[in-house]
Amino acid sequence: MNRTLAPLRGPAVVPRGGGGPALILVAHGSRDPRSAANAAAVRDRVAAARPDLLVRLAFLDLNAPSVDQVVDAVAAQGCSHAIVVPLLLGSAFHARVDLPGLLDAARRRHPLLDLAQAEVLGPDPRLITALCERITEATAGYPGGRIGIAVAAVGSSRAGANARTAEVAVEVARRTGLLTEICFATSEPTVLAATERLRDRGVEHIIVAPWFLAPGLLTDRLRTTAPGLVHTPALGAHPALAEVVWDRYDTALDAEWELSA
């Protein structure tokens, strides 16, 4: 990362508005158009919160514009500094390997552009609050009986990543007072296994709460696998997402500022 720049809060960092470094949101990308549409809605909400900053959206795969295209465009606009915030809930391959590799290549193409990668969104308490809101909406007016929640995430080949995601289900249980189990769309335990565990714990009604930013092929897979259950919507362009994005941006900017001081 380039550390030889002038102070990062200077008024000439971004040609438009001069409020600070540009923000590049990086979404995963999907063949399902709902995913890209949701990412665009998140971008619009994020940009509306700080209209003096340049906010661009890029995708790691399957959608356009790509990370390379957006970084090149930002550099062409004369930006000297940009902060990249991954629109990812987990710190898996895309955040740890794929995106850093793309940014390293971009730095070689644009040596005068300082690119800082912020942390992923992760299990931020504000996003867990949004998930609990989805659950509360689904349980409102629910028929009597014991209710259980199957918190459904993408899943990872890394056991440690899945264990961290499982903490979301623990927090949901703490906040809602409902029995919860974690499950994954691409690994074990499956939604059916989580359903069986909840039944064994005496649950009568089960709600699947996807820990996903957007609807897509994997949330559809969950619905197909467990068609008889209630499924809450994905987090979508919830206002909390914009808050968390700007928190990640500010944290990365503060770290850059301290290093350059």
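Residues numbered from 1 in each chain as written. Predicted model: local features only at pLDDT ≥ 70, side-chain atom pairs only at ≥ 80, totals over all residues. Heavy atoms only, no water.

Caption draft 1: Expanded view of the packing of helix H4 (residues 125-139) against helix H5 (residues 159-176). Look at H4 against H5: their axes get within 10 Å of each other, and the N-to-C directions meet at 60 degrees. The pairing of H4 with H5 is recorded here as oblique in orientation. Considering the relative orientation of H4 and H5, their crossing is right-handed. On H5, the residues touching Pro125, Ile128, Thr129, Leu131, Cys132 and Ile135 of H4 are Val168, Glu171, Val172, Arg175 and Thr176. Here the residues of the contact of H4 with H5 are counted per class, giving 7 nonpolar, 2 polar and 2 charged. (Axes fitted to C-alpha atoms, helices over the stretch in contact; angles between N-to-C directions. Helix = DSSP H or I, 4+ residues; strand = E, 2+ residues; numbered from the N terminus. Parallel < 35°, antiparallel > 145°, perpendicular 65-115°, else oblique. Left-handed = near helix turned anticlockwise from the far one by under 90°. Contact = heavy atoms within 4.5 Å. Nonpolar A, V, L, I, M, F, W, Y, C, P; charged D, E, K, R; others polar.)

Caption draft 2: Structural context of the pattern of salt bridges. Overall, the coordinates contain 15 salt bridges when judged by the stated rule. A salt bridge links Arg107 to Asp104; the shortest N-O distance between them is 2.7 Å. In this pair, Arg107 and Asp104 are both assigned in helix H3 (residues 93-109), 3 residues apart and thus about one turn of the helix distant. Taking relative accessible area as the criterion, Arg107 reaches 17% and is therefore assigned buried. One connected set of salt bridges, linked through shared partners, spans Asp124, Arg126, Asp247 and Arg248. (Salt bridge = Lys/Arg side-chain N within 4 Å of Asp/Glu carboxyl O. Buried < 20%, exposed > 50% of the residue type's maximum accessible area, 1.4 Å probe, protein only.)

Caption draft 3: Examining H3 more closely. Compared with the 24 Å implied by 1.5 Å per residue over 17 residues, the 23 Å span of H3 between its first and last C-alpha is a close match. Looking only at H3, the buried set comprises Ala95, Leu99, Leu103, Ala106 and Arg107. Residues of H3 that are buried sit in contact with strand E1 (22-27), helix H2 (67-76), strand E3 (81-86) and strand E4 (114-117). (Expected span 1.5 Å × (residues − 1).)

Caption draft 4: Representation of the confidence of the model for the chain within the structure. Residue-level pLDDT values for the chain average 90, and 91% of them are 70 or greater. Contacts for the low-pLDDT stretch residues 1-17, under 50 throughout, to residues beyond four places or in other chains number 46 contacts. (pLDDT = per-residue confidence, 0-100.)

Caption draft 5: Local environment of the pairing of E4. In this sheet, E4 lies alongside E3 in parallel orientation, the contact comprising 4 bridges. Note that in E4 the partner of Ile83 across the bridge is Ala116. As for the winding sense of the linkage, the β-α-β connection from E3 through H3 to E4 is right-handed. (Pairing = 2+ DSSP bridges. Right-handed = clockwise from strand over helix to strand, strands pointing away.)

Caption draft 6: Quick peek at the sheet that holds E1. Pairing within the open sheet is parallel, and its 4 strands lie in the order E2-E1-E3-E4. At either end of the open sheet lies a strand with only one pairing partner, and these are strand E2 (55-59) and E4. Neighbour to neighbour, the strand axes of the sheet diverge by 25 degrees on average, direction disregarded. Where E1 lies against E3, 5 bridges are found, and the strand directions are parallel. Across the sheet, Leu25 pairs through a bridge with Val85, a residue of E3. Helix H1 (residues 33-49) rests against E1 and E2 of the sheet, and its axis sits at about 160 degrees to E2. Here H2 sits on the sheet and contacts E1, E2, E3 and E4; the angle it forms with E2, its principal contact strand, is near 155 degrees.

Caption draft 7: Structural context of the state of the cysteines. If you walk through the whole model with that rule in mind, you get 0 disulfides. Cys132 carries a free sulfur, and the closest cysteine sulfur to it, the one in Cys183, is 15 Å from it. (Disulfide = S-S within 2.5 Å.)

Caption draft 8: Looking closely at the packing of aromatic side chains. As enumerated under the stated definition, the model contains 1 aromatic pair in all. Centre to centre, the rings of Trp246 and Tyr249 are 5.0 Å apart; their planes meet at 80 degrees, and the pair counts as edge-to-face. Linking Trp246 with Tyr249, this pair stays in helix H8 (residues 239-260), spanning 3 residues, or about one helical turn. (Phe/Tyr/Trp six-rings, centres within 6.5 Å; stacked < 30°, edge-to-face > 60°.)

Caption draft 9: Quick look at the sheet that holds strand E7 (residues 205-210). Across the sheet, which stays open at both edges, the 4 strands sit in the order E6-E5-E7-E8 with parallel pairing between neighbours. The outermost strands of the open sheet, each flanked by one partner alone, are strand E6 (179-184) and strand E8 (230-231). For strand E5 (residues 147-153) and E7, the ladder comprises 6 bridges, and the chain directions are parallel. From the neighbouring strand, Ile149 faces E7, where its bridge partner is Ile207.

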